[in-house]
Amino acid sequence: MILIAVISIIFLLGSLKYPDYIFWIAVTLFLDPGGYIQTYVPRTLLGGLKITDLTFVLLFIPLISPKIKLKSFFIQRDNQWIVLFLLTYTLVYHIFVYGYIAPGGNINNVLDLLQYQRLTLWGFLSIIPAYIFFRRNYKLFFKFAITTSLILMLFYIIRLTTGLNIVPIWEFERGRNSGIMRVALLGYGFAQWFLYMLFIKIIFRLRLPKINWFYFIAITIFIAEILTLTRRVIFSMIFQFFLVYYLHQQMMGKSLLSLKLRKVLLFGFGFILVLYMIAPKYINYTLIGVEDAISIVQKGSNSSGEIDGRIEGDIPKHLGRFKESPIIGYGWDELWYSNKTLEGGLSANDVPLTAALGMFGVLGLLFFMPFYLRVFKILYKTYKLLKYFYLSGKAKKNALLFTICLFLTIIFISKYTVSFMNYFSDLTSGVPRVLNMLYLGFLLAAADLLRNTNTKKEISKNH
């Protein structure tokens, strides 16, 4: 508790004079690039409090600064609607339905929810500081993001090449007796952004600051993504590369099969060649991973005939809870967040879509759909805005902001298409909910900043 008090005082005092710096420090702590906090900070130091609860609270401390005006968030109609809707959903479903109606719920279980999964209740509020501080100084955000990512990737390369334990990594064998290890960082911070932002820069021919840093971070994060040998990660990476190219061609009104495709293929070939020179076995296992992903979708098993644990274990359990109360859902149960499947754990974080169906039922998910529809509307408006900026040539004058805004748009499109099994993770998991709302706040702020460089009349004329 002393540690919490000291950190809080430092943040309070710092926020009075430097609220922007304090906020981005808080965001960095929440993301925990490299996983240092989760590795080296034991729960006992925090009196049993989850570290994510503390870092979540730190996001809001800079709002006390007299330099910050909360009304800058609430004057925007989309912002108002999102916060009001999610607050209503929390009160109605997480409190009332879970506490009094759902068969698996009672008021004691609501208290357990408050104790063990607090961020699933109020994590959506992170959109408020995210919007305000990104809009105030997105260039400061960029400085924090690229500096922390550069340091993290330098440490990662040193760890891979020398074995020096300078950054925590997670290693385990891919499959039984495969002889090849998966290697993953425990936290990536903003590093993954730079791979896709670099691709946007190349496809859209933009000039970005610190471009040499971009290339170093992008190459190393590409290697890091491949070395995870995770089907979901690799498939998502391929899809997002394609999406950047597809949106460019759509904006230009060109066919997908154009000369620009050469640049895309050359970009991909260059990255693969770098990795092949470093670790050729991983290219082969990556191809196997893609083949396994296709096989699982088609047959429910990988190319070797092994059934995915989620298909065989987690999903049937989730659907079993759904059958007990298909309309309003089963409600809260601490087993939802246990990965001890042999002891009845339901592993809600692994398959949020079916877990949400079991927790909230058909009615609960339909009740939440207006939120997704609102986000789809925001994405469509943002795409139109980006298209106008690119075709008018104004994207080059606002290259960094344009690139960030386009990247965030792609992240959300990917989330709601190829990552469809993660639908409703906003309801089932605290940390993903906070991250989703942070990113949505950044997207709304970036779009508003772009929009404010032109009059609404100018934009409407071009659409």
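Regarding the overall build of the protein
Inference 1: Looking only at helices and strands, one finds 21 helices and two strands in the protein.
Inference 2: Here the protein, with 463 residues, has 52% of them falling under the buried criterion.
Inference 3: The contacts of the protein with a sequence gap of at least 6 include a subset with a gap of at least 24, amounting to 76%.
Inference 4: Of the roughly 21900 Å² of accessible surface on the protein, 64% is carried by carbon and sulfur atoms.

Quick word on the environment of methionine 197
Inference 1: You can see methionine 197 is positioned in helix α11 (residues 191–204).
Inference 2: Taking relative accessible area as the criterion, methionine 197 reaches 1% and is therefore assigned buried.
Inference 3: Between the alpha carbons of methionine 197 and valine 244 there is a distance of 9.5 Å; along the sequence they are 47 residues apart.
Inference 4: Residues within four places of methionine 197 in sequence aside, it is in contact with Leu208, Phe214, Leu400, Thr403, Ile404 and Phe407.

Some thoughts on the pattern of salt bridges
Inference 1: Under the definition given, this model contains six salt bridges.
Inference 2: The residue aspartate 53 makes a salt bridge to arginine 118 at a minimum N-O spacing of 2.4 Å. Of this pair, aspartate 53 sits in helix α4 (residues 51–58) while arginine 118 sits in helix α8 (residues 118–122); the two residues are 65 residues apart in sequence, bridging distant segments of the chain.
Inference 3: We classify arginine 118 as buried; its relative accessible area is 18%.
Inference 4: Across the salt bridge formed by aspartate 78 and lysine 381, the nearest N and O atoms sit 3.1 Å from each other. Of this pair, aspartate 78 sits in helix α6 (residues 77–101) while lysine 381 sits in helix α17 (residues 352–391), and the two are 303 residues apart along the sequence.
Inference 5: By relative accessible area, which is 15% here, aspartate 78 ends up buried.

Points about helix α20 (residues 430–451)
Inference 1: With 22 residues, α20 ought to run about 32 Å at 1.5 Å a step, and its terminal C-alpha atoms sit 32 Å apart, in line with that.
Inference 2: Taking burial as the measure, the 22 residues of α20 include 18 buried ones, the bulk of the element.

Comments concerning the nonpolar core
Inference 1: Membership of the largest hydrophobic core comes to 133 residues, with the highest contact counts inside it found for Trp24, Phe134, Trp193, Phe204, Phe371 and Leu440.
Inference 2: Among residues more than four places away in sequence, those in contact with phenylalanine 371 are Trp81, Ile82, Phe85, Leu86, Tyr416, Asp426, Met437 and Leu440.

Topic: α11
Inference 1: With 14 residues, α11 extends 21 Å from end C-alpha to end C-alpha; this agrees with the ideal 20 Å at 1.5 Å per step.
Inference 2: Among the 14 residues that make up α11, 13 are buried, leaving the element largely enclosed by the rest of the structure.
Inference 3: Looking at the residues trailing α11, positive phi occurs at arginine 205, about 55°.

Structural notes on the environment of phenylalanine 371
Inference 1: Looking at where phenylalanine 371 falls in the secondary structure, it is placed in helix α17.
Inference 2: Separated by 285 residues in the primary sequence, phenylalanine 371 and leucine 86 place their C-alpha atoms 7.9 Å from one another.

Considering unusual backbone geometry
Glycine aside, the phi torsion of most residues is negative, and most peptide linkages are trans.
Inference 1: Positive phi values are uncommon outside glycine, yet arginine 205 reaches one of about 55°.
Inference 2: Along the chain, arginine 205 turns up in the loop between α11 and α12 (211–227).
Inference 3: For lysine 210, which is not glycine, the phi torsion reads 55° and is therefore positive.
Inference 4: Along the chain, the position of lysine 210 falls in the loop between α11 and α12.
Inference 5: Judged by relative accessible area, lysine 210 falls into the partly exposed class, the value being 46%.

Overview of the side chain of lysine 415
Inference 1: Mapping lysine 415 onto the fold places it in helix α18 (residues 399–415).
Inference 2: A residue is classified by how much of its surface remains accessible, and lysine 415, at 11% relative accessible area, is buried.
Inference 3: In terms of polar contacts, lysine 415 uses its side chain to reach the side chain of serine 425, at 3.4 Å.
Inference 4: In this structure lysine 415 touches Phe420, Asn422, Ser425, Asp426 and Asn436, once residues within four positions along its chain are discounted.

Some words on the confidence of the model for the protein
Inference 1: On average, residues of the protein carry a pLDDT of 82, and 79% of them reach 70 or more.
Inference 2: Looking over the protein, one finds the lowest element-wise mean pLDDT in helix α21 (residues 456–461), namely 42, and the highest in helix α9 (residues 127–136), namely 96.
Inference 3: Within the model, pLDDT remains below 50 along residues 455–463, and this stretch shows nine contacts once partners closer than five positions in the same chain are excluded.

Some details on a nonpolar patch on the surface
Inference 1: On the surface, a nonpolar cluster with roughly 470 Å² of combined accessible area is contributed by Ile9, Leu12, Leu13, Leu16 and Ile64.
Inference 2: Its place among the elements puts leucine 13 in helix α1 (residues 2–17).

Some thoughts on the environment of proline 209
Inference 1: For proline 209, the position within the fold is in the loop between α11 and α12.
Inference 2: Its relative accessible area of 35% is what places proline 209 among the partly exposed residues.
Inference 3: Linking proline 209 and alanine 399, residues 190 residues apart in sequence, is a C-alpha distance of 9.2 Å.
Inference 4: Excluding residues that lie within four positions of it along the chain, proline 209 makes contacts with Phe142, Phe214 and Leu400.

So, how was this worked out
- Residues numbered from 1 in each chain as written.
- Predicted model: local features only at pLDDT ≥ 70, side-chain atom pairs only at ≥ 80, totals over all residues.
- Heavy atoms only, no water.
- Helix = DSSP H or I, 4+ residues; strand = E, 2+ residues; numbered from the N terminus.
- Buried < 20%, exposed > 50% of the residue type's maximum accessible area, 1.4 Å probe, protein only.
- Contact = heavy atoms within 4.5 Å.
- Areas by Shrake-Rupley, 256 points an atom, 1.4 Å probe, with all protein chains shown as cover.
- Salt bridge = Lys/Arg side-chain N within 4 Å of Asp/Glu carboxyl O.
- Expected span 1.5 Å × (residues − 1).
- Core = buried A, V, L, I, M, F, W, Y, C linked by side-chain atoms within 4.5 Å.
- Polar contact = N/O pair within 3.5 Å; in protein donor to acceptor, adjacent residues only side chain to side chain.
- pLDDT = per-residue confidence, 0-100.
- Patch = residues over 30% accessible without salt bridge, like charges linked within 9 Å, V, L, I, M, F, W, Y side chains within 5 Å.

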